[in-house]
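Each chain is listed here by its residues.
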Amino acid sequence: MHVCMIVPNKAVRGGIASVVNGYQGSELEERCRVTYIESYQDGSRWDKLRKALKGYVAFCRLLRKDRPDLVHIHSSFGPSFYRKIPFIYLSRFARIPVVNHIHGAEFDTFYENASTSKKRRVRSVYQKCTRFIVLSKEWRKKIAQIVPADRIDVIENYCDLPKERNHAKRRQNQILFLGALEERKGCYDIPVIFESVKQKCPDARLVMAGDGQMQQIKAAFAEKNLLSDVRFTGWVRGRKKETLLEQSAVFLFPSYNEGMPVAVLEAMGYGLGIVTTTVGGIPQLIAHGKSGFLEAPGELTAMAEDVSSLLQDEALCRNMGELARETVEQKYSLRIHLQKLEETYRKAYFTK
């Protein structure tokens, strides 16, 4: 089967690129012929526009010269939705089945609270897709408001497990956050949580790995006189990210809205003690009190107590981390992810 996959540039920051980059060189390419067309890159508005236009041109050229059997589109909400419309319409015109792989997290803004005209536009575009992939059972229920549930497959994100782990590198006092530095990820709650943690664990240190509203969040730590114990690394990938995961004991992710966060899966794969929230697909990943701690978004006192418990009890932290890693091995490996993906391809192709 020849699959055309619409993807972001490899260097783009975020979970979609992390997922897609893992496909390249994987078993998927042994069983399918995959043509990747990039439609997005980081940068200015004009950089993004140029990238999208180049993607449309490359896609039209592919339709003329090497027609694919299926188009797999990685999409989100907001601008990503609109960028993907030409790919969907061109595929429909060429009678090629479309798998729309939805990675978005803010469904209320995108659809539930949208105007009548926008809802009509979303339904019209989605009806032209053959099948949908969502990241959790919760998101299947949401998207089923727009398209029939029997056209939606749940395929969770995956974690590429580290082959070796060196516990000697772990710093029992180090807390890690990975992701965009923004309100949606709970980053303005972290100074409050960390302040409480420091009262019980004075030697605690925090690493904020990501970019976004860095100066504003730094100011929030400075107001509490905590900045000297917090390290901002900027966006990390590759070996730098692996080193932070190896060194840290606790992963703190107090997000308010998620699909299936790759960052949580990565922390599980490295066996960290995890404190996160009950949003999106996260409750499918973490068993509260067993493989990590789950709290409602905004429950800052409870999250501070959870982090303190993991820092103070190394055995608890390690045991929870090991169970989290086992969960990833058994349910969220790349191999399992690709098996589900190919099954979706088959269903889409044979219902065209």
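See the structure shown above.
Residues numbered from 1 in each chain as written. Predicted model: local features only at pLDDT ≥ 70, side-chain atom pairs only at ≥ 80, totals over all residues. Heavy atoms only, no water.

1. Things to note about the overall build of the protein chain
- Each helix and strand in the protein chain was counted, giving 15 helices and twelve strands.
- With respect to the principal axes defined by its C-alpha atoms, the protein chain has extents near 65 × 40 × 35 Å.
- Here the protein chain, with 352 residues, has 54% of them falling under the buried criterion.
- In the protein chain, of all internal contacts separated by at least 6 residues, the share reaching a separation of at least 24 is 72%.
- By element, 47% of the accessible surface of the protein chain is carried by carbon and sulfur atoms, the whole surface being about 15,700 Å².
- Separation of charge centres in the protein chain, based on 55 positive and 40 negative side chains, amounts to 9 Å. (Helix = DSSP H or I, 4+ residues; strand = E, 2+ residues; numbered from the N terminus. Buried < 20%, exposed > 50% of the residue type's maximum accessible area, 1.4 Å probe, protein only. Contact = heavy atoms within 4.5 Å. Areas by Shrake-Rupley, 256 points an atom, 1.4 Å probe, with all protein chains shown as cover. Lys, Arg positive; Asp, Glu negative; His and termini not counted. Charge placed at Lys NZ, Arg CZ, Asp CG, Glu CD.)

2. A look at the side chain of Ser248
- Within the secondary structure layout, Ser248 lies in strand 10 (residues 248–253).
- Within polar-contact distance, the side chain of Ser248 engages the side chain of Gln174 at 2.9 Å.
- Residues in contact with Ser248, not counting those within four places in the same chain, are Arg170, Arg171, Gln174, Leu176 and Leu272. (Polar contact = N/O pair within 3.5 Å; in protein donor to acceptor, adjacent residues only side chain to side chain.)

3. Regarding the pairing of strand 1 (residues 2–8)
- Counting buried residues in strand 1 gives seven out of seven residues, a clear majority hidden from the surface.
- Covered by surrounding structure in strand 1 are His2, Cys4, Ile6 and Pro8 together with Val3, Met5 and Val7, the residues of both alternating faces.
- Bridge count between strand 1 and strand 2 (residues 33–40): seven bridges; the pairing is parallel. Across the sheet, the residue bridging to Val7 is Glu38, located in strand 2.
- Judged from the four bridges that link them, strand 1 and strand 3 (residues 70–75) form a sheet pairing that is parallel. Counterpart to Cys4 in the pairing with strand 3 is Val71. (Pairing = 2+ DSSP bridges.)

4. Some words on the sheet that holds strand 10
- Read across the sheet, six strands follow the order 9-8-7-10-11-12 without closing on themselves; strand pairing throughout is parallel. Of all strands in the sheet, those with a lone pairing partner are strand 9 (230–232) and strand 12 (293–295), marking the two edges. Adjacent strand axes in the sheet meet at a mean angle of 20°, parallel and antiparallel pairs treated alike.
- The pairing of strand 7 (residues 171–178) with strand 10 spans three bridges and is parallel. Within strand 10, the residue paired with Arg171 across the bridge is Ser248.
- Across the face of the sheet, helix 13 (residues 300–312) comes into contact with strand 7, strand 10, strand 11 (273–277) and strand 12 while running at roughly 175° to strand 11. (Axes fitted to C-alpha atoms, helices over the stretch in contact; angles between N-to-C directions.)

5. Observations regarding the sheet that holds strand 2
- The sheet built from six strands is open, its strands ordered 2-1-3-4-5-6 with parallel pairing. Lying at the two open borders of the sheet, with one neighbouring strand each, are strand 2 and strand 6 (152–154). Going across the sheet, the axis of each strand differs from the next one's by a mean of 20°, ignoring polarity.
- Where strand 4 (residues 98–102) lies against strand 5 (residues 131–134), three bridges are found, and the strand directions are parallel. Within strand 5, the residue paired with Asn100 across the bridge is Phe132.

6. Describing helix 6 (residues 116–126)
- For helix 6, the full list of buried residues reads Val122, Val125 and Tyr126. All buried residues of helix 6 lie within an arc of 95° about the axis, which places them on one face of the element. (Arc of directions from axis to C-beta.)

7. A short note on the pattern of salt bridges
- Taken as a whole, this structure holds 19 salt bridges when the rule is applied.
- Arg31 serves as the salt-bridge partner of Glu27, at 3.3 Å between the closest nitrogen and oxygen.
- For Arg325, the salt bridge identified is with Glu329, shortest N-O distance 3.6 Å. Within this pair, Arg325 and its partner Glu329 are both found in helix 14 (residues 314–331), separated by four residues, close to a single helical turn.
- Judged by its relative accessible area of 10%, Arg325 is buried.
- One connected set of salt bridges, linked through shared partners, spans Glu182, Arg184, Lys185 and Glu258. (Salt bridge = Lys/Arg side-chain N within 4 Å of Asp/Glu carboxyl O.)

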